[in-house]
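Per-entry structural report
Here are the chains, one letter per residue:
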Amino acid sequence: MFSHFDFDVIIRSLPYLFYQGITFTVLLTALATLGGIVLGTLLALMRLSGFALLTVPAAAYVNLMRSVPFVLMIFWFYFLVPYIGQWVTFSSRPMQVGAFASCLVTFTLFEAAFFCEIMRAGIQSISRGQVAAAQALGMTYPTVMGYIVLPQAFRNMVPVLLTQTIVLFQDTSLVYVISVTDFLGAASKVAQRDGRLVEMYLFAAVVYFVISLAASRVVGLLQRHIAIIR
Amino acid sequence: MSAMIEIADLSKWYGPTQVLKDCSAQVAKGEVVVVCGPSGSGKSTLIKCVNGLEPFQAGRISVDGISVGDPKTNLPKLRARIGMVFQHFELFPHLSVIRNLTLPQIKVLHRDADEAEEKGTRLLDRVGLAAYAGKFPGQLSGGQQQRVAIARALAMEPIAMLFDEPTSALDPEMIQEVLDVMVALARDGMTMIVVTHEMGFARKVAHRVVFMDQGEIVEDAPTADFFVKPHSGRAQLFLSKILQH
Amino acid sequence: MGTGWTLLTAAFAFIIALTFGSLIGVMRTTPFGFAVRIGDVYVELFRNIPLLVQMFLWYFVLPELVPRNFGNWLKQLPNASFYTAVVALGLYMSARIAEQVRAGVLSLPRGQRQAGLALGLTLTSELLNTIKNSAVALTIGLMELTARARAMQEYSFQVFEAFTAATVIYIAINIMVTFAMRIAERRMAVPGYLGFKPQPAGH
């Protein structure tokens with residue numbers, strides 16, 4: 001088998017793979033992470049607020065996102081986002097959304113649920129004594145949160161958040177099911193066009209592997225450096 | 001002269017359990033009161049009610065004339081005027097020692113940064129830790145952390161200080177350095193309520209000793225009286241156990 | 001019908017996952033450096049490659065890599081996608097289970113029974129994850145059913161209905177399994193045992 005291994009096809013298609021494919025994947029990962037963290041923080045604060053009006057919808061949302069398989073969500077949103085866009089902007093026709101936008105919405109909403117849980121765990125891990133001490137000094141709730149609780153919580157959370165980002169990076173491959181050209185999609189197209197399945201898929205696997213592995217090693221290093229001296 | 005801190009008929013329940021039963025006490029300006037008693041007697045709970053960290057269902061507490069239980073009271077503002085020192089120090093580990101002192105001043109008292117820093121440095125010097133300003137709490141020993149905690153509370157220029165078992169979490173050799181700071185504070189005329197087992201401290205600077213058991217204030221007497229001839233049997237029992245060390 | 005396939009896939013995959021996972025997990029806690037390294041490599045390999053890519057590897061690449069005759073036989077298998085899905089899913093999950101087992105064993109005093117108990121504690125989340133991830137396999141099958149339609153416009157309304165049904169079923173299964181597992185966990189709870197938190201990250 002290996003005597004027929006066509007390295008050339010990999011090299012020839014590198015520009016395409018990297019400009020089209022990897023850019024899509026990396027961009028999606030980065031933006032969805034950002035959006036997911038923002039939305040996730042909001043959800044976490046809602047869940048921690050103690051007001052039923054806020055905790056119940058937030059909890060329902062999070063549980064829903066965590067129980068439905070991701071691929072199904074991808075399909076749903078691909079169909080629904082144009083209609084949601086129409087509803088939100090009061091236009092008369094379904095909004096035309098590009099594949100990227102649709103994926104971005106899907107991923108952000110989905111990951112927000114996971115980020116929310118990570119935040120919640122992080123915030124709750126800060127001892128009550130810290131809150132008590134801050135309050136005893138006369139700090140108001142926003143100040144306590146902003147200067148005492150969240151800074152500590154984030155330092156603890158960052159490794160887990162980054163790990164979740166790596167998972168997100170791998171999950172971007174699932175957009176294959178709606179024929180979107182991310183890295184895997186690009187590799188697939190080349191594979192089918194040139195009839196070189198083995199090389200392309202192995203290459204794709206290697207790339208994902210290397211990036212994910214490197215990233216998790218970096219997270220490990222980071223974890224050791226930002227740990228608060230206790 | 002009205003008392004600095006007044007507690008009247010204070011009662012508190014955790015669900016169905018009553019943890020404080022009709023407690024009444026007064027602390028005058030400049031007085032040092034030690035609260036002691038077996039564990040579970042409610043002494044920590046009592047002291048946490050004074051600055052509103054714990055809510056209570058019946059009775060009144062007022063500090064410098066301001067009612068703690070009144071919903072209209074601006075609690076953060078009141079708390080800023082009452083200093084509190086905790087059993088587990090509770091310094092903010094992600095901030096440097098000096099920042100622990102300046103942040104509350106800046107955020108709560110709205111002092112400017114230079115003034116806060118200058119005051120913070122002076123207080124660190126007062127507790128003997130000026131050299132540690134740039135360090136982080138995790139790098140300090142327990143005794144040092146507690147002294148910083150006291151400085152942090154003092155930076156707010158409180159009218160009274162509450163101490164919740166300040167030395168209970170310390171190794172024996174570090175207890176004295178913290179007590180020394182507290183003694184100096186008392187001699188400077190600070191109004192203090194101290195929950196503690198350290199009877200030596202009580203005998204040295206306390207004006208009164210309050211003994212609690214099972215949520216009630218059983219005895220409230222001047223220091224000398226308390227140690228020489230406690231009235232209640234429970235107090236006698238407690239003292240005999242404590243003083244054996 | 002889809003449900004049946006899903007559950008079947010999940011069930012078989014789970015069995016594979018448990019078997020291999022426990023084995024690898026325990027391997028990594030042994031004092032033999034060699035075993036630990038193999039275990040580490042195994043886990044890293046399966047955790048750093050997306051599940052979908054792994055499935056592609058098993059389905060498309062494996063038949064090409066093995067001796068010709070075996071490869072041809074593989075390609076002719078009916079329900080080939082089912083088998084590859086099960087294997088891929090099973091091994092992927094086994095890596096995760098290996099992690100949990102290793103963490104569980106390390107946090108407890110030594111003993112075989114403890115390893116078993118640690119496994120019990122993480123069963124809920126892993127089972128749920130397996131079911132969810134089987135959806136990936138299902139979707140591949142679905143795509144094959146719709147004759148590899150590249151243009152999304154070709155997805156008829158029937159497909160949409162199928163998705164709705166599938167979503168509802170997944171949620172229902174999720175609730176039932178969570179409920180059942182919670183009861184099981186309570187029965188298996190060891191008094192005084194400090195539970196260790198399964199990772200909130202990932203799915």
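Predicted model, so just to flag it, every value in this text is computed and none were measured. (Residues numbered from 1 in each chain as written. Chains lettered and ligands numbered in written order. Predicted model: local features only at pLDDT ≥ 70, side-chain atom pairs only at ≥ 80, totals over all residues. Heavy atoms only, no water.)

**What to know about the overall build of chain A**
Selection rule: Put simply, DSSP H or I for four residues or longer makes a helix, DSSP E for two residues or longer makes a strand, and each gets a number counted from the N terminus. Buried means the residue's accessible area, taken with a 1.4 Å probe over protein chains only, is under 20% of the maximum for its type, while exposed means over 50%, and partly exposed covers the values in between. The method behind every accessible area is Shrake-Rupley, applied with a 1.4 Å probe, and residues are considered shielded solely by the protein chains displayed. For the charge count, each Lys or Arg is scored as positive and each Asp or Glu as negative, with His and the chain ends excluded. We put the charge of a Lys on NZ, of an Arg on CZ, of an Asp on CG and of a Glu on CD.
Per the secondary structure count, chain A includes 8 helices and 0 strands. Listing every helix and strand of chain A by position from the N terminus yields α-α-α-α-α-α-α-α. Burial analysis of chain A (230 residues in total) assigns 51% to the buried set. As displayed, chain A offers around 10,500 Å² of accessible surface, 70% of which is attributable to carbon and sulfur atoms. Charge-centre separation for chain A: the mean point of 13 positive side chains lies 15 Å from the mean point of 8 negative side chains.

**What to know about a nonpolar patch on the surface**
This is how it is decided: Each patch is built from salt-bridge-free residues with over 30% relative accessible area, joining like charges within 9 Å and nonpolar side chains (Val, Leu, Ile, Met, Phe, Trp, Tyr) within 5 Å. Definition used for salt bridges: Asp or Glu carboxyl oxygen within 4 Å of a side-chain nitrogen of Lys or Arg.
A cluster of nonpolar side chains, contributed by Leu80, Tyr83, Ile84, Trp87 and Val88 of chain A, occupies part of the molecular surface with about 550 Å² of accessible area. Among the structural elements, Ile84 of chain A can be located in helix H3 (residues 70–89).

**Topic: the nonpolar core**
This is how it is decided: The set of buried Ala, Val, Leu, Ile, Met, Phe, Trp, Tyr and Cys residues whose side-chain atoms join them within 4.5 Å is what this entry labels a nonpolar core.
Ranked by internal contacts, the top residues of the largest apolar core, which has 111 residues, are Met139 and Leu184 of chain A together with Ile5 and Leu10 of chain B. Looking at this core, the element that brings in the most residues is helix H4 (residues 99–124) of chain A, giving 11 residues. Among the nonpolar cores identified, the runner-up in size contains 50 residues, and Val127, Ala133, Met190 and Val205 of chain B belong to it.

**As for the packing of helix H7 (residues 183–194) of chain A against helix H8 (residues 197–226) of chain A**
Residue and element names in this part refer to chain A. Put simply, the test is: A fitted line through C-alpha atoms represents every axis, and for helices the fit uses only the stretch in contact; the resulting angles, taken between N-to-C directions, go from 0 to 180 degrees. When describing relative orientation, an angle under 35 degrees is termed roughly parallel and one over 145 degrees roughly antiparallel, while 65 to 115 degrees is termed roughly perpendicular and anything else oblique. We call a crossing left-handed when the near helix sits turned anticlockwise from the far one by less than a right angle, and right-handed when that turn is clockwise. The contact criterion used throughout is that any non-hydrogen atoms of two residues lie within 4.5 Å.
Their axes nearest at 8 Å, the elements H7 and H8 cross at an angle of 165°. The angle between H7 and H8 places the two elements in the roughly antiparallel class. In the crossing of H7 with H8, the sense of the turn from one axis to the other is right-handed. Taking contact as the criterion, the partners of Phe183, Leu184, Ala187, Ser188, Val190, Ala191 and Gln192 in H7 are, on H8, Leu197, Met200, Tyr201, Phe203, Ala204, Val207 and Tyr208.

**Regarding helix H2 (residues 52–67) of chain A**
Selection rule: A helix's residues, less one, multiplied by 1.5 Å, set its expected span.
Here H2 of chain A is 16 residues long and its end C-alpha atoms lie 22 Å apart, about the 22 Å a rise of 1.5 Å per residue gives. Buried residues of H2 of chain A: Thr55, Ala58, Ala59, Val62, Met65 and Ser67 of chain A, and no others.

**Here's the deal with the pairing of strand S8 (residues 191–195) of chain B**
All names here are of chain B. Short version of the rule: Whether two strands pair comes down to DSSP finding at least two bridges between them. Seen with its strands pointing away from the viewer, a crossover is right-handed when the path leading from the first strand over the helix to the second is clockwise.
S8 sits mainly inside the fold: 5 of its 5 residues count as buried. Burial along S8 is two-sided: the face carrying Thr191, Ile193 and Val195 and the face carrying Met192 and Val194 are both buried. The pairing of strand S3 (residues 32–36) with S8 spans 4 bridges and is classified as parallel. Bridging across to S8, Val35 finds its partner in Val195. Here 5 bridges tie strand S7 (residues 160–164) to S8, and the two strands are oriented parallel to one another. Residue pairing across strands places Ala160 opposite Thr191, the latter belonging to S8. Considered for its hand, the β-α-β crossover made up of S7, helix H6 (residues 172–187) and S8 is right-handed.

**Quick look at the pairing of S3 of chain B**
Residue and element names in this part refer to chain B. Summarising burial for S3: 5 of the 5 residues are buried, a large majority. Alternating residues of S3 divide into Val32, Val34 and Cys36 and Val33 and Val35, and every residue in both groups is buried. The sheet contact formed by S3 and strand S9 (residues 208–213) spans 4 bridges and is parallel. Residue Val33 lies in a different strand from S9, and its bridge partner there is Arg208.

**Looking at the side chain of Ser212 of chain A**
For Ser212 of chain A, the location among the structural elements is in helix H8. Not counting residues up to four positions away in its chain, the partners in contact with Ser212 of chain A are Ile166, Phe169 and Gln170 of chain A together with Asn48 of chain C.

**Some words on the sheet that holds strand S6 (residues 82–85) of chain B**
Residue and element names in this part refer to chain B. Taken in spatial order, the 6 strands of this open sheet run S6-S7-S8-S3-S9-S10, and their pairing is mixed. What marks the edges here is a single partner per strand, and that holds for S6 and strand S10 (216–222). Sheet twist, expressed as the average angle between the axes of neighbouring strands with direction ignored, equals 15°. In terms of strand pairing, S6 meets S7 through 4 bridges, oriented parallel. Bridge pairing in S7 links Met84 to Leu162. Packing against the sheet, helix H1 (residues 43–50) makes contact with S3, S6, S7, S8 and S9, and its axis sits at approximately 150° to S7.

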